[in-house]
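# Observations on chain architecture
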Amino acid sequence: MLVHLLFLLSLIAQSSYGAKSTLQTLQVQPQYFNPKLPPKSLSASDKFEGSSDLVSLRYHMGPVLSSPINIYLIWYGKWAASQKLLIKDFLLSISTFNHRAAPSPSVAEWWRTVSLYTDQTGANISRSVLLAGEYSDHLYSHGNHLTRLSIQEVIATAVRSKPFTVDHKNGIYLILTSVDVTMQDFCRAVCGFHYFTFPSMVGYTLPYAWVGNSGKQCPEVCAYPFAVPGYMGGGGPGALNPPNSDIGVDGMISVIGHELAELSSNPLVNAWYAGEDPMAPTEIGDLCEGLYGTGGGGGYIGQVMRDKQGRTYNLNGRRGRKFLVQWIWSPVIKACAGPNALD
């Protein structure tokens, strides 16, 4: 579960964003650069792109999402059509394998690292990720402030509506809250989290993830590096330009990727994680917090790319989209990995 409380002060990851979006054109020879954080943000860790010596990631015999994954989107609050389209393009890019439709380094190649994780039968996490349904709760049925418990009531409201289904075999539920919705611990401790529903509240055990739009509440915490904390002053690289010109939603997309990777590898909090406490696990996204490219760690986000307009990205998606998404811990190389790696 993603803990973003000024994570740049401590790059040892621990468990636990609107302007109109525009389509991007493919940059055949992108410019690579390696933004550095100011010295005061450096940690004592010598972890550089992750290190197997510092990680005790273990499999705890629980299930992973090995069947085709059906995502049910719940839009809570008011969302612009362009914002919805941007997020859906990212989700649909996970299973866009055609390199002409989504050139390398692609979102689908990024998800390939996630798919390396298996259950006790040897079945891999599925690479088939579909948008199976959408529900818009634009009337804020449970208010403008949500809690970890009331988010399950939001899911219950959605699955009780006729157009939404209870898919307790292949379904995961992704709740996205708009910029004016506050959430328990949002900004202070989390930018997103995942868990599973209680049958007493929803009727079934359903894996779900929540991610909030931090564009107005705390972009410097949850939409970094598109916004930077004030304490950085003029010592850092400054905020980087988001790839789709929407600080809040572009920032959300990396959090969404993080949470989906962890939800898929640890849906019932008894599969892949480090640490001894399943209620506070360090998961495959947490291990790579703040790393987006080669050379990341020790105050760097790593080598990423800029297009001709100066917008920062590391992955290509469908319909010419570009995204900046954090890397994921690989069980094969036992380090953080992404398809934009230069080594």
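The rules we used
- Residues numbered from 1 in each chain as written.
- Predicted model: local features only at pLDDT ≥ 70, side-chain atom pairs only at ≥ 80, totals over all residues.
- Heavy atoms only, no water.
- Pairing = 2+ DSSP bridges.
- Helix = DSSP H or I, 4+ residues; strand = E, 2+ residues; numbered from the N terminus.
- Axes fitted to C-alpha atoms, helices over the stretch in contact; angles between N-to-C directions.
- Contact = heavy atoms within 4.5 Å.

## Quick look at the sheet that holds strand β6 (residues 171-177)
Here 5 strands make up an open sheet; going across it, the order is β4-β3-β6-β9-β8 and the pairing mixed. Either end of the sheet is taken by a strand with one partner, and the two such strands are β4 (129-137) and β8 (192-196). Within this sheet the neighbouring strands show an average axis-to-axis angle of 20 degrees, counted without direction. With 8 bridges connecting them, strand β3 (residues 69-76) and β4 associate as parallel partners. Counterpart to Tyr72 in the pairing with β4 is Gly133. Sitting on the sheet, helix α6 (residues 247-265) touches β3, β6, β8 and β9 (207-212), and the angle it makes with β9 is about 165 degrees.

## Focus on unusual backbone geometry
The omega angle of the peptide bond from Ser104 to Pro105 is -5 degrees, so this bond is cis rather than trans. Structurally, Pro105 can be placed in the loop between α1 (81-93) and α2 (107-114). Of note, the bond from Tyr224 into Pro225 is cis; its omega dihedral lies within 30 degrees of zero at 10 degrees. When you line up the elements, Pro225 lands in the loop between α5 (219-222) and α6. Positive phi, close to 75 degrees, is recorded for Met61, a residue that is not glycine.

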